[in-house]
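Okay, here's what each chain looks like letter by letter:
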Amino acid sequence: MAASRFIATLVLSLLIFLSGSTATQRKTTRGRPRQPCKRMVFYFHDILYNGQNAENATSAIVGAPAWGNRTILAGQNHFGNIVVFDDPITLDNNLHSVPIGRAQGFYLYDRKDYFTAWLGFSAFFNSTQHRGTITFAGADPLNKTRDISVIGGTGDFFMARGIATLMTDAFEGEVYFRLHVDVKLFECW
Amino acid sequence: MAASRFIATLVLSLLIFLSGSTATQRKTTRGRPRQPCKRMVFYFHDILYNGQNAENATSAIVGAPAWGNRTILAGQNHFGNIVVFDDPITLDNNLHSVPIGRAQGFYLYDRKDYFTAWLGFSAFFNSTQHRGTITFAGADPLNKTRDISVIGGTGDFFMARGIATLMTDAFEGEVYFRLHVDVKLFECW
Amino acid sequence: MAASRFIATLVLSLLIFLSGSTATQRKTTRGRPRQPCKRMVFYFHDILYNGQNAENATSAIVGAPAWGNRTILAGQNHFGNIVVFDDPITLDNNLHSVPIGRAQGFYLYDRKDYFTAWLGFSAFFNSTQHRGTITFAGADPLNKTRDISVIGGTGDFFMARGIATLMTDAFEGEVYFRLHVDVKLFECW
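What you see is a predicted model, and the numbers here were worked out from it, not measured in a lab.

About the cut-offs
- Residues numbered from 1 in each chain as written.
- Chains lettered and ligands numbered in written order.
- Predicted model: local features only at pLDDT ≥ 70, side-chain atom pairs only at ≥ 80, totals over all residues.
- Heavy atoms only, no water.
- Buried < 20%, exposed > 50% of the residue type's maximum accessible area, 1.4 Å probe, protein only.
- Helix = DSSP H or I, 4+ residues; strand = E, 2+ residues; numbered from the N terminus.
- Pairing = 2+ DSSP bridges.
- Disulfide = S-S within 2.5 Å.
- Salt bridge = Lys/Arg side-chain N within 4 Å of Asp/Glu carboxyl O.

Enquirer: Please clarify how the pairing of strand 7 (residues 145-155) of chain A should be interpreted in this entry.
Expert: Two faces make up the sheet, and in a regular strand the side chains alternate between them. Residue and element names in this part refer to chain A. Summarising burial for strand 7: eight of the 11 residues are buried, a large majority. The pairing of strand 6 (residues 131-140) with strand 7 spans six bridges and is antiparallel. Bridge pairing in strand 7 links Gly132 to Gly155. The antiparallel hairpin formed by strand 6 and strand 7 contains four residues in its connecting segment, where Leu142 sits at a positive phi of about 60 degrees. Here six bridges tie strand 7 to strand 8 (residues 161-172), and the two strands are oriented antiparallel to one another. Directly across from Val150, in strand 8, lies its bridge partner Gly162. Linkage of strand 7 to strand 8, two consecutive antiparallel strands, is achieved through a turn of five residues, within which Met159 is found at a positive phi near 65 degrees.

Encoded structure:
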């Protein structure tokens, strides 16, 4: 009987401990291991309309401050320019590779004294490999690497949350840039 | 004592198993049943300003590419147009029904070769039935049905997450469209 | 042996109960105590470009309806104006205090019959005290106090979710306003 009582006590303590950690799990979870449940790496390619590349352009200036226009990015580090884009997503850094999806949405430049941006867009996939969307939002300080948030997903990425680490992989003047995107999901359903 | 030892072993195994499944719950949860914890179905009605309907219009073009203007949606599938809206939400498909809320935010057209859009908006409720907001974001490929993400909520929809299935229920030229919105929340607080 | 069997039954019942409550935890969690896991209070200051304050302005009109322009907020409660901002964040209500971060993103006015707005922005921190971003989105009915959603975070605010209660602390005509922001995170990692 003593052994039984000992086991009962042990079990209840463990249950309470376990139950407690479950209950507070959402609230304070420092120390939780930060292993992504899903990871995807891809590139996207942005070719900005400049008045002469209507055929190839994948993005266009659609908003500008009073001192700007919609063909040339504004002075003061493009502050106030809003750009809408539909950019091909590729697995490697070659603009001409077969796209595996499209990055669709907008970015805006939001600082006068140096380059920073804010992004709202979705990666849209519709192939045998991936079907669904991942939606991103966040400040882009245009450092060497920077993180934005994954705020939702649909289809294969149903209810996704996480972060994406962005790196400008290449740029050519103000017409072309290529982003390296490392998506790390920490909530997968 | 043999029985006690057996129970102790059993219990510890179960605890470890349970504890393990709890710990990884956020990370890999395939197989989790996808039953919404809350569901809402409604319509919203968008009447786009076209230069002649200032009284009735619920939305207006506020951004356009260099080749467009703010009275007529641009060529190339409206690529680059940003539209701000404040649309009545109704329970049935009748534009003249008493609104139960407002859908407020923006959409933009983001593809040159066919229609696709990107949405950022909130459903705003302030009645005895519902009080609070549900915020949506995501790519809208304008298929027959398509899913966007529910990225947050306040009030009655505090901390909501989920998806919303959109269906264009009707449209009249480029002035009016009606969306059927089926909101399925999978995180409710 | 009777005692052992009793313990086994007890333990299994508890395990099932606990396992059950774990499984449904995400879906229906009414009654969960709403204690933030992190809280931050700050102010941000918006000085809108009006054609004469290029030096001091922290924001600019970049989108407007057909009846508006980008120097003066449009009639009809500014319906359709999109404003891009890069506003200093301070701990107290003094515009000239040392900023602890920047609020960067956009707001748009989305109602013709009175003032309402929709916000998408990030609070960007890069100091010894805080490093990372908190991203916000949602309808702002411009009541005395109103809640918007925290939809994500990076760095110190990795995976953050919650709400932010906004209060217009002061405004001067259509050029300056100051927001009191009370950020309450309910998911912290």
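Enquirer: Is there a simple way to explain the state of the cysteines in this structure?
Expert: Residue and element names in this part refer to chain A. Under the counting rule described, the total for this entry stands at three disulfides over all chains. Each sulfur in the disulfide pair Cys37 and Cys188 lies 2.0 Å from the other. Looking down the S-S bond of the Cys37 and Cys188 bridge, the torsion is 90 degrees, so its handedness is right-handed. Within this pair, whereas Cys37 is found in the loop between helix 1 (2-23) and strand 1 (38-47), its partner Cys188 is found in the segment after strand 9 (176-187), the two being separated by 151 residues in sequence. We classify Cys188 as buried; its relative accessible area is 13%.

Enquirer: Looking at this structure, how should I read the pattern of salt bridges?
Expert: It is possible for side chains of opposite charge to pair when their charged atoms get near one another. Taken as a whole, this structure holds 24 salt bridges over all chains when the rule is applied. Note that Asp86 of chain C is salt-bridged to Arg111 of chain A, the shortest N-O span being 3.5 Å. Residue Asp86 of chain C is found in strand 3 (residues 82-90), and its partner Arg111 of chain A is found in the loop between strand 4 (101-109) and strand 5 (117-126); the two belong to separate chains. A single burial state applies to Asp86 of chain C and to Arg111 of chain A, both of which are buried. Where Arg146 of chain A meets Asp140 of chain A, a salt bridge forms, and the shortest distance between an N and an O atom there is 2.6 Å. Using a relative accessible area of 4% as the deciding quantity, one classes Arg146 of chain A as buried. Among the charged side chains, a salt-bridge network with shared partners connects Arg161 and Glu187 of chain A, Arg161 and Glu187 of chain B together with Arg161 and Glu187 of chain C.

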